[in-house]
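Residue strings, one per chain:
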Amino acid sequence: EDRARIGSFSDLIFINPPDFTSSRDQLVRILRNDIRFGNPTFLWDAINVSMNALASETGRRVVLIFTDGADDKSQVAEPSFRPAVLPSTVAVKPT
């Protein structure tokens, strides 16, 4: 059974619900009511938080990111982020 959490980011990073869930209704509610976005963008920090949230999960793991690609405030730089991803089974594909 697949489980998910939904994150959003701008100047703050939020991941909801607190624990992974398989409840479609809960996830749809979060998408409709709780998504926060705007400027500035902490893209790499948000990816890092997402990867840390998945660290203890087993099986298939996916981080799906919708972004304009701009990052103007992250504390985590892309080069320091990539080594944590590349050895794993997670694919990172910028578009």
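Values in this document were obtained by computation on a predicted structure and should not be read as measured data. (Residues numbered from 1 in each chain as written. Predicted model: local features only at pLDDT ≥ 70, side-chain atom pairs only at ≥ 80, totals over all residues. Heavy atoms only, no water.)

Caption draft 1: Representation of unusual backbone geometry in the model. A cis amide bond links Asn 16 with the next residue in sequence, Pro 17, at an omega value of -10°. Within the secondary structure, Pro 17 is located in strand S2 (residues 13–21). (Helix = DSSP H or I, 4+ residues; strand = E, 2+ residues; numbered from the N terminus.)

Caption draft 2: Expanded view of the packing of aromatic side chains. Under the definition given, this model contains zero aromatic pairs. Over the ring of Phe 20 we find Arg 5, and its NZ or CZ is 5.2 Å from the ring centre. Looking at Arg 36, its charged tip hangs above the ring of Phe 14, at a distance of 4.1 Å from the centre. (Phe/Tyr/Trp six-rings, centres within 6.5 Å; stacked < 30°, edge-to-face > 60°. Lys NZ or Arg CZ within 6 Å of the ring centre and 35° of its normal.)

Caption draft 3: Region of interest: the environment of Glu 57. Here Glu 57 shows up in the loop between helix H2 (43–54) and helix H3 (78–85). C-alpha separation for the pair Glu 57 and Phe 20, spaced 37 residues apart in sequence, amounts to 9.5 Å. Residues contacting Glu 57, with those up to four places away along its chain left out, are Arg 3 and Phe 20. Within the local environment of Glu 57, its side chain forms a polar contact with the side chain of Arg 3, the two groups lying 2.3 Å apart. (Contact = heavy atoms within 4.5 Å. Polar contact = N/O pair within 3.5 Å; in protein donor to acceptor, adjacent residues only side chain to side chain.)

Caption draft 4: Structural context of the pattern of salt bridges. The final tally for this structure, using the stated rule, is two salt bridges. Across the salt bridge formed by Glu 57 and Arg 3, the nearest N and O atoms sit 2.3 Å from each other. Within this pair, whereas Glu 57 is found in the loop between H2 and H3, its partner Arg 3 is found in the segment before strand S1 (4–9), the two being separated by 54 residues in sequence. (Salt bridge = Lys/Arg side-chain N within 4 Å of Asp/Glu carboxyl O.)

Caption draft 5: Seen up close, the side chain of Thr 41. Turning to its location among the elements, Thr 41 is positioned in the loop between helix H1 (24–33) and H2. You can call Thr 41 buried: its relative accessible area is 8%. In contact with Thr 41, not counting residues within four places along its chain, are Phe 9, Ser 10, Ala 70, Asp 71, Asp 72, Lys 73 and Ser 74. (Buried < 20%, exposed > 50% of the residue type's maximum accessible area, 1.4 Å probe, protein only.)

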